[in-house]
Amino acid sequence: MRTALLPLLLLLATYVNAQEDSAQEVSSENNKVYKVNPGERVGEALLNNGLYQYPKFTQAQVLYKNGGYGNGLLNYNRLTGEMQFIDPNGDTLALNNEPEIEMVTIDKDTFYYSNGYLQKVEDFSARVAKQTYLEMTNRERKGLYGNTTQAAVNTHTTVVTDLGFKDLVPQEVLTFRERTVYFIGDRFGRFKPLNKKNVLYLYSKKEREVSEYLKTNPVNFLEEEDVMRLIGFLKTL
């Protein structure tokens, strides 16, 4: 199978320690960590290690804003942020015309499209969604005698060219961490990052109640348990 993709912009952040096995899952707090060794193709190394949301391409339905829809086998690529399918020639392609997409349903999961695919968490007076992605967090160069040195990781560094990530063969140890961020939106699907400012904006008519809750119940907006507890409160308003 070969992959045809648009240029890829990897989201980059802090350092983590690399391990010795290829694309191995490593426990790290609440996030999973994967590593690609020098000489390995990134796409192949991550294929069965966190690259996709689902173990296999799964029956899905795409609903468009004009009322049209389509069906097929899809999977969400957590490295590129694309909803992908396999065409009759065996090429892995991404859905196009994304701004025209209202939502994608895969199995029991629903993804809204709002400058990216956001997976539905709860839908009540507001919509809460999340996005899980792979972020490159560390680069290490291996020296002549097997020693490693840290290489700089700059935010928003473009690592992949038009060849696509599948054909990228790094000469460094690359470490990827699984990240999940949350969003909150109105009933029209206009999403913003889930944080205190945007919650207060969306619930401006209940600002006093929301402010009191956040004061007495500090919320880590990146922790699932805190987010679900906040949702439970917002449902009472």
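Parameters at a glance
Residues numbered from 1 in each chain as written. Predicted model: local features only at pLDDT ≥ 70, side-chain atom pairs only at ≥ 80, totals over all residues. Heavy atoms only, no water. Helix = DSSP H or I, 4+ residues; strand = E, 2+ residues; numbered from the N terminus. Buried < 20%, exposed > 50% of the residue type's maximum accessible area, 1.4 Å probe, protein only. Pairing = 2+ DSSP bridges. Phe/Tyr/Trp six-rings, centres within 6.5 Å; stacked < 30°, edge-to-face > 60°. Lys NZ or Arg CZ within 6 Å of the ring centre and 35° of its normal. Polar contact = N/O pair within 3.5 Å; in protein donor to acceptor, adjacent residues only side chain to side chain. Core = buried A, V, L, I, M, F, W, Y, C linked by side-chain atoms within 4.5 Å. Contact = heavy atoms within 4.5 Å. Axes fitted to C-alpha atoms, helices over the stretch in contact; angles between N-to-C directions. Parallel < 35°, antiparallel > 145°, perpendicular 65-115°, else oblique. Left-handed = near helix turned anticlockwise from the far one by under 90°. Nonpolar A, V, L, I, M, F, W, Y, C, P; charged D, E, K, R; others polar.

Caption draft 1: Focus on the environment of Y76. Relative to the helices and strands, Y76 resides in strand β4 (residues 69–77). On the basis of relative accessible area, Y76 is assigned to the buried category, the value being 2%. Separated by 24 residues in the primary sequence, Y76 and Y52 place their C-alpha atoms 5.6 Å from one another.

Caption draft 2: Structural detail: the pairing of strand β12 (residues 173–185). When you tally the buried positions in β12, you get 10 out of 13 residues, the bulk of the element. Pairing between strand β2 (residues 31–36) and β12: four bridges, direction antiparallel. Note that in β12 the partner of K35 across the bridge is T175.

Caption draft 3: How the structure looks around the packing of aromatic side chains. Scanning the model with the defined rule gives six aromatic pairs in all. Aromatic pair Y113 and Y117: ring centres 5.0 Å apart, planes at 70°, arrangement edge-to-face. We note that Y113, like Y117, is buried. A connected cluster of aromatic rings, assembled from ring pairs, spans Y76, F111, Y113 and Y117. Lying over the aromatic face of Y201, K192 brings its terminal NZ or CZ to 4.3 Å of the ring centre.

Caption draft 4: Structural context of the side chain of D87. As for its position among the elements, D87 is in the loop between β5 (82–86) and β6 (92–94). The exposure class assigned to D87 is buried, which follows from its relative accessible area of 15%. Looking at D87, its side chain comes within polar contact range of the main-chain nitrogen of N89, at 2.9 Å. Of note is the side chain of D87, whose polar atom sits 2.8 Å from the backbone nitrogen of D91.

Caption draft 5: Here's a closer look at unusual backbone geometry. For N97, which is not a glycine, the phi torsion comes out positive at approximately 50°. Residue position: N97 is located in the loop between β6 and β7 (101–106). With phi around 55°, N115 is a residue other than glycine that occupies positive phi space. Looking at where N115 falls in the secondary structure, it is placed in the loop between β8 (109–113) and β9 (117–123).

Caption draft 6: How the structure looks around the nonpolar core. By size, the foremost hydrophobic cluster in this structure holds 18 residues, and its most contacted members are L194, V199, V210, L230 and L234. Listed by contribution, the elements that provide at least two residues to this core are β12, α2 (196–202), α3 (207–216) and α4 (224–234). Per-element accounting of this core gives the leading share, five residues, to α4. Residues in contact with L234, not counting those within four places in the same chain, are F124, S125, I184, V199, Y203 and V210.

Caption draft 7: Inspection of the packing of α3 against α4 at higher detail. Contact geometry of α3 with α4 gives a least axis separation of 11 Å together with a crossing angle of 150°. The pairing of α3 with α4 is recorded here as roughly antiparallel in orientation. Pair α3 / α4 crosses with right-handed handedness. Contacts between α3 and α4 involve E209, V210, Y213 and L214 from the former and R229, L230, F233 and L234 from the latter. Class assignment of the residues belonging to the contact of α3 with α4 gives a composition of six nonpolar, no polar and two charged.

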